[in-house]
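A look at the structure
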Amino acid sequence: MTQATHSLATRSPTALDQIDTPAALISTARMQRNIDRMQAKAHALGVSLRPHVKTTKCTEVVKQQLAAGAQGITVSTLKEAEHFLADGVTDILYAVGMAPHRLPQALALCEQGCQLKIITDNADSARAIVEFGAAHNAVFDVMIEIDTDDHRSGIKPDSQELLVVGDILHKGGMRLLGVLTHAGSSYELNTPQALAALAEQERAGCVRAAERLRAAGLPCPVVSVGSTPTALEARDLTGVTELRAGVYIFFDLVMRNVGVCTTDDIALSVLTTVIGHQREKGWAIVDAGWMAMSRDKGTARQQVDFGYGQVCDENGQVMPGYLLASANQEHGILARTDTPDLDIESRFPVGTRLRILPNHACATGAQFPQYHALSEDNTLSIWSRFHGW
Ligand SMILES: Cc1ncc(COP(=O)(O)O)c(C=O)c1O
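Predicted model only: the values in this text are computed from it and were never measured.

As a further point, take the overall build of the protein. Regarding its fold elements, the protein presents 13 helices and 17 strands. What you see for the protein is a C-alpha radius of gyration of 23 Å, in line with the 21 Å of a compact globule of 389 residues. Oriented by its inertia axes, the alpha-carbon framework of the protein measures out at about 80 × 40 × 35 Å. A burial count over the protein gives 56% of its 389 residues as buried. Carbon and sulfur atoms provide 50% of the accessible area of the protein, an area that totals close to 16100 Å².

Structural data, given as structure tokens:
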């Protein structure tokens, strides 16, 4: 028995020893810090915060966001809306373009007391909403999605189509609630100056769209913007009423590379066990492969490529230079980035528990049916999360 395995066998048991691996661990202290930081930012900017809960899909987490002052939630599926409505959250923005076949499900939510807001960015979908509303005597709250950074969907702030869609909805008897935008291209930036400039572009484009609707005699009380990087680097949100952000709850290595958090802010990690080695290659094999970490290699395009994740010791202390270099379905290959660590076997004996920080917290969390929430006093709680559509 090596010295290291001996110390592993004789150290006193910790809360983490009770958990089978791989497991999704939340540091509740870090998560609370992240919640407080974003809530304070929204407060300082004079807007309300509507967190995007697709990151966690977890009742306990969302409760803490609301307790900290969030006003309503954003969801990416109607299943999330159903789940959180059952939890008692009524103010819900479904921030994915409305597909006509989902209108019956949306109506059922409204009938159960949900103040559901739906979105569209085209005339066909707007007409489908109006026609369904007329056929079912239903009035939906609808927002128009605006494209402020060319990265995904939405209508350009200066496009004629904006007024056409606004007109269809308003004249068709729907409540035209406002405009929303998400500057997702912020993930490609990495300086505070560039992020602040994009936040201003996001703000200005969305406010411009709102002003054009109002000038055309259409209602537009809500102006909703946000992504984690632009939210945290925005200097001024004049004309905006609410901020949306999701991944800030956990942060991750992509956000670390974007520059809006440090590795010490990352609240989600994957607890894993060393199961073997390839000593001459300097590898340790762990039981967290891509099925645990997800296939997301979002840092590969950024200035620091973390492979499948940053290795930390069992207590969450970063081990600089050690990454989950590659991954099969249930095997992860842990290696040092510069030169092979030929002492890997004694450094990480079989049975050693480690934590891996994820590239993309939303994708990694989605691999697990539950989180293990670990408080600073080492109390463990199991928080379930859900999947699917
Ligand atoms: C419409 C919309 N709003 C807000 C967000 C939150 O972005 P982030 O996770 O960067 O905070 C997303 C994320 O994809 C989104 O799609």
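As a matter of local geometry, the ligand sits amid 13 residues, with Arg152, Tyr187, Thr228, Gly246 and Val247 nearest to it. In this structure, a nitrogen atom belonging to the ligand sits 3.0 Å away from a side-chain N or O atom of Arg244. When the ligand is considered free in solution it has 390 Å² of accessible area, and contact with the protein chains removes 93% of it. Per-class residue counts for the shell around the ligand are 4 nonpolar, 6 polar and 3 charged.

Glancing now at the pattern of salt bridges. Under the definition given, this model contains 16 salt bridges. Residue Asp124 is joined to Arg127 by a salt bridge in which the shortest nitrogen-to-oxygen separation is 3.2 Å. Here Asp124 and its partner Arg127 are both found in helix α6 (residues 123-136), 3 residues apart, which amounts to about one turn of the helix. Using a relative accessible area of 59% as the deciding quantity, one classes Asp124 as exposed. On the basis of relative accessibility, which here comes to 38%, the residue Arg127 falls in the partly exposed class. Residues Arg336 and Asp338 are paired through a salt bridge, measuring 3.4 Å at the closest nitrogen-oxygen approach.

The subject of this paragraph is the packing of helix α7 (residues 160-171) against helix α8 (residues 192-215). Contact pair α7 / α8: the axes reach a minimum separation of 10 Å and the direction vectors enclose 55 degrees. With respect to their mutual orientation, α7 and α8 come out oblique. The handedness of the crossing between α7 and α8 is right-handed. Of the residues in α8, those touching α7 at Gln160, Leu162, Leu163 and Gly166 are Ala209, Arg212 and Leu213. For the contact of α7 with α8, a count of residues per class yields 4 nonpolar, 2 polar and 1 charged.

So, on to the nonpolar core. Most often, soluble globular proteins keep nonpolar side chains buried together rather than apart. Counting residues in hydrophobic clusters, the biggest one holds 109 residues, and the most contacted among them are Ile92, Leu116, Phe140, Ile144, Val179 and Leu334. Ranked by residue count, the leading element in this core is α8, at 7 residues. Look past the residues within four positions of Ile92 in its chain and what remains in contact with it is Arg50, Ile73, Val75, Ala81, Phe84, Leu85, Cys114, Gln115, Leu116 and Lys117.

With respect to the helices, strands and loops of the structure, Thr299 is situated in the loop between α11 (290-293) and β12 (310-312). Beyond its immediate chain neighbours, meaning those up to four positions away, Thr299 contacts Leu253, Val254, Asn257, Val304, Asp305, Phe306, Gly307 and Asn359.

Here the focus is the sheet that holds strand β9 (residues 242-243). Read across the sheet, 8 strands follow the order β2-β9-β8-β7-β6-β5-β4-β3 without closing on themselves; strand pairing throughout is parallel. Pairing within the sheet leaves two strands with one partner each, and these edge strands are β2 (48-49) and β3 (73-75). The pairing of β2 with β9 spans 2 bridges and is classified as parallel. From the neighbouring strand, Ser48 faces β9, where its bridge partner is Glu242.

What follows covers the environment of Glu233. Within the secondary structure, Glu233 is located in helix α9 (residues 228-233). Look at Glu233 and you get buried, because its relative accessible area is 16%. In this structure, the C-alpha to C-alpha distance between Glu233 and Gly259, residues 26 residues apart in sequence, is 9.9 Å. Those residues in contact with Glu233, other than ones at most four positions away along the chain, are Lys41, Pro192, Leu195, Ala196 and Val260.

One pass over the full model with this rule turns up 4 aromatic pairs. Centre to centre, the rings of Phe84 and Phe386 are 5.8 Å apart; their planes meet at 55 degrees, and the pair counts as tilted. Taken together, the residues span a long stretch of sequence, with Phe84 in helix α4 (residues 78-86) and Phe386 in the segment after β17 (380-384) at a distance of 302 residues. Judged by relative accessible area, which is 0%, Phe84 ranks as buried. On the accessibility criterion, Phe386 (11% relative accessible area) is buried.

One can describe the packing of helix α5 (residues 103-111) onto α6 by two numbers: an axis separation of 11 Å at closest approach and a directional angle of 55 degrees. Judged by the inter-axis angle, α5 sits oblique to α6. Between α5 and α6 the crossing geometry is right-handed. Facing α5, whose interface residues are Leu103, Pro104 and Leu107, α6 presents Ala128, Ile129, Phe132 and His136.

Next up on the list: the environment of Ala99. Here Ala99 is to be found in the loop between β4 (91-97) and α5. With 20 residues separating them along the chain, Ala99 and Ile119 place their C-alpha atoms 9.6 Å apart.

Looking now at α7. Helix length check: α7, at 12 residues, gives a terminal C-alpha distance of 17 Å against a target of 16 Å (1.5 Å per residue), a fit within 8%. Looking only at α7, the buried set comprises Leu162, Leu163, Val165, Gly166, Ile168 and Leu169. Buried residues in α7 make contact with β5 (115-120), α6, β6 (141-145), β7 (175-180) and α8.

Rules used throughout
Residues numbered from 1 in each chain as written. Predicted model: local features only at pLDDT ≥ 70, side-chain atom pairs only at ≥ 80, totals over all residues. Heavy atoms only, no water. Helix = DSSP H or I, 4+ residues; strand = E, 2+ residues; numbered from the N terminus. Rg over C-alpha atoms; globule rule 2.2 N^0.38 Å. Buried < 20%, exposed > 50% of the residue type's maximum accessible area, 1.4 Å probe, protein only. Areas by Shrake-Rupley, 256 points an atom, 1.4 Å probe, with all protein chains shown as cover. Near = heavy atom within 4 Å. Polar contact = N/O pair within 3.5 Å; in protein donor to acceptor, adjacent residues only side chain to side chain. Nonpolar A, V, L, I, M, F, W, Y, C, P; charged D, E, K, R; others polar. Salt bridge = Lys/Arg side-chain N within 4 Å of Asp/Glu carboxyl O. Axes fitted to C-alpha atoms, helices over the stretch in contact; angles between N-to-C directions. Parallel < 35°, antiparallel > 145°, perpendicular 65-115°, else oblique. Left-handed = near helix turned anticlockwise from the far one by under 90°. Contact = heavy atoms within 4.5 Å. Core = buried A, V, L, I, M, F, W, Y, C linked by side-chain atoms within 4.5 Å. Pairing = 2+ DSSP bridges. Phe/Tyr/Trp six-rings, centres within 6.5 Å; stacked < 30°, edge-to-face > 60°. Expected span 1.5 Å × (residues − 1).

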